[in-house]
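The residues making up each chain are set out below.
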Amino acid sequence: MTATVFEAEGLSKEYPSGVALDQLCMSIEAGDVYGFVGENGAGKTTLMRIIGGLVHPTAGRMALFGEQSKERLASARRRIGFLIERPSLYPHMNAMENLGFYCRIFGIRDRGRGAEVLKLVGLDEAGPKKTGEYSLGMRQRLGIAVALLNRPEFLVLDEPVNGLDPAGIVEVRHILEHLSHEQGVTLLISSHILSELQLLAGKYGFIHQGRLIQEISAAELQQTAQVMICISTSSPAAAVAEMLRQELRRGDIRIKQTGEIELPRSGVDLERLMSLLVQREIPVDGFQLTAPNLEQYYMDLIGGGGR
Ligand SMILES: Nc1ncnc2c1ncn2[C@@H]1O[C@H](COP(=O)(O)OP(=O)(O)OP(=O)(O)O)[C@@H](O)[C@H]1O
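Residues numbered from 1 in each chain as written. Predicted model: local features only at pLDDT ≥ 70, side-chain atom pairs only at ≥ 80, totals over all residues.

A. Examining the overall build of the protein more closely. If you tally the helices and strands in the protein, you get 11 helices and 13 strands. Principal axes of the C-alpha set define a box for the protein whose edges measure 75 × 45 × 40 Å. Of the contacts formed within the protein by residues at least 6 apart in sequence, a portion of 71% connects residues at least 24 apart. (Helix = DSSP H or I, 4+ residues; strand = E, 2+ residues; numbered from the N terminus. Contact = placed C-beta atoms within 7 Å.)

Written as structure tokens, this is what we have:
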């Protein structure tokens, strides 16, 4: 039986300016990598702050590791690591000094723990460099190291790859994969980079205007989301798309921003499609079947799919 790490029932948060979380019900099981997806202002950070005890809900209940009372929630939070918004680091200190500071705050006596987490995030060679001189990627990795100091069973990460360059994104992904696969850490990750989230998460929760509108597992996404056909041609895309709409009698053929023509795979006779392109002497520079795509699924879900 898997243990429930986090559970919310009717969890709400109202600010004078409006509702940030609206009767949210969700659960995260031990070992899950839960991807939290939503537009700016949807309520993701608010939920993470509630989990961290930084914000109090106005209604509803929640449990962490099955604990619900105020006192027990406080001790359950010691089993969790947080990186919410930007890591707070002292710029005039190096990585080890920053970690030493947090060890004192968290009451961690294990003197070797700082070096261990630095190694885990690949910063063990950063040496005496002050964190004020760190790149964004290094700061983010050090933020993850801080979150790991207490050997958390559950890690809550608010947009951990936001603003990182491609190499930094891959580095953070490898760290999180290691924590999940090798150490069994449960992860809750919010991100706007859905292609990246799709490489990590096993389950997704979609939040829209404070409401959890859907949860789906990666396997369900694989089955549900549409495989798309993507055609690139040097012929005018608008004319080719119109010809295909007429011939295939479909209204769901669109031109992507990249200029490629895209249509759902389902119901398309590929042989007929190819022969239409050949008969009309349309040069085909690329023809691809794309894998189920989290971004497209999300856009369709909130009604902005453009198809
Ligand atoms: N301290 C606060 N006081 C008043 N309103 C707040 C506060 N914090 C958040 N809000 C509001 O609550 C709503 C949800 O914000 P939240 O930061 O949780 O969204 P988010 O999904 O994390 O967005 P983003 O992707 O931009 O980080 C927004 O309308 C926001 O303006």
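B. Up close: helix H5 (residues 136–148). When the terminal C-alpha atoms of H5 are compared, their 18 Å separation across 13 residues agrees well with the 18 Å that a helix rising 1.5 Å per residue should span. A large share of H5 lies buried, amounting to 11 of its 13 residues. For H5, the full list of buried residues reads Met138, Arg139, Gln140, Arg141, Leu142, Gly143, Ile144, Ala145, Val146, Ala147 and Leu148. Residues of H5 that are buried make contact with strand S5 (80–83), helix H3 (95–106), helix H4 (113–120), strand S6 (154–158) and helix H6 (166–183). (Expected span 1.5 Å × (residues − 1). Buried ≥ 20, exposed ≤ 12 C-beta atoms within 10 Å, placed from the backbone.)

C. Spatial organisation of the sheet that holds strand S11 (residues 254–255). A sheet is described by the order of its strands in space; here four strands give the open sequence S11-S12-S10-S13, paired in antiparallel fashion. Because the sheet does not close on itself, it has two edges, and the strands there are S11 and strand S13 (284–290). One ladder, built from two bridges, connects S11 with strand S12 (residues 261–264); its direction is antiparallel. Looking at S12, one finds that isoleucine 255 is bridged to isoleucine 261. (Pairing = 2+ DSSP bridges.)

D. Examining the site of the ligand more closely. As a matter of local geometry, the ligand sits amid Tyr15, Ser17, Gly18, Ala20, Gly38, Asn40, Gly41, Ala42, Gly43, Lys44, Thr45 and Thr46. If you list the elements that add at least two residues to the shell around the ligand, you get strand S2 (18–29) and helix H1 (44–51). The residue makeup of the shell around the ligand, split by class, is three nonpolar, eight polar and one charged. (Near = placed C-beta within 6 Å. Nonpolar A, V, L, I, M, F, W, Y, C, P; charged D, E, K, R; others polar.)

E. Broad picture of the confidence of the model for the protein. Overall, the prediction assigns the protein a mean pLDDT of 92, with 98% of residues at 70 or greater. In the model output, the complex is listed with pTM 0.84 alongside ipTM 0.96. (pLDDT = per-residue confidence, 0-100.)

F. Spotlight on the packing of H5 against H6. The contact between H5 and H6 brings their axes to 10 Å, and the two run at 15°. With respect to their mutual orientation, H5 and H6 come out roughly parallel. Here H5 and H6 pass one another in a crossing that is right-handed. Every residue of H6 that contacts H5 at Leu136, Gly137, Gln140, Arg141 and Ile144 is listed here: Gly168, Glu171, Val172 and Ile175. Residues belonging to the contact of H5 with H6 are distributed by class as follows: four nonpolar, three polar and two charged. (Axes fitted to C-alpha atoms, helices over the stretch in contact; angles between N-to-C directions. Parallel < 35°, antiparallel > 145°, perpendicular 65-115°, else oblique. Left-handed = near helix turned anticlockwise from the far one by under 90°.)

G. Spotlight on unusual backbone geometry. Unusually for a residue other than glycine, glutamine 23 sits at a positive phi of about 50°. One can find glutamine 23 in strand S2. Take glutamine 23: there are 15 C-beta atoms within 10 Å of it, and that puts it in the partly exposed class. Positive phi, close to 50°, is recorded for glutamine 209, a residue that is not glycine. Note on placement: glutamine 209 falls in the loop between strand S8 (203–208) and strand S9 (211–217).

H. Quick look at the UniProt feature "domain: ABC transporter" (unreviewed entry) in the protein. Residues annotated in UniProt with the feature "domain: ABC transporter" (unreviewed entry) correspond here to residues 6–234. Across residues 6–234, helical content stands at 35% and strand content at 29%; the span's end C-alpha atoms are separated by 52 Å. (UniProt positions renumbered as here; feature names shortened; annotations may be inferred.)

I. Spatial organisation of the pairing of S12. Sheet analysis places strand S10 (residues 228–233) next to S12, joined by four bridges and oriented antiparallel. Directly across from isoleucine 229, in S12, lies its bridge partner leucine 263. Taken together, S11 and the strand that follows it, S12, pair antiparallel across an intervening segment of five residues, in which glycine 259 is found at a positive phi of about 95°.

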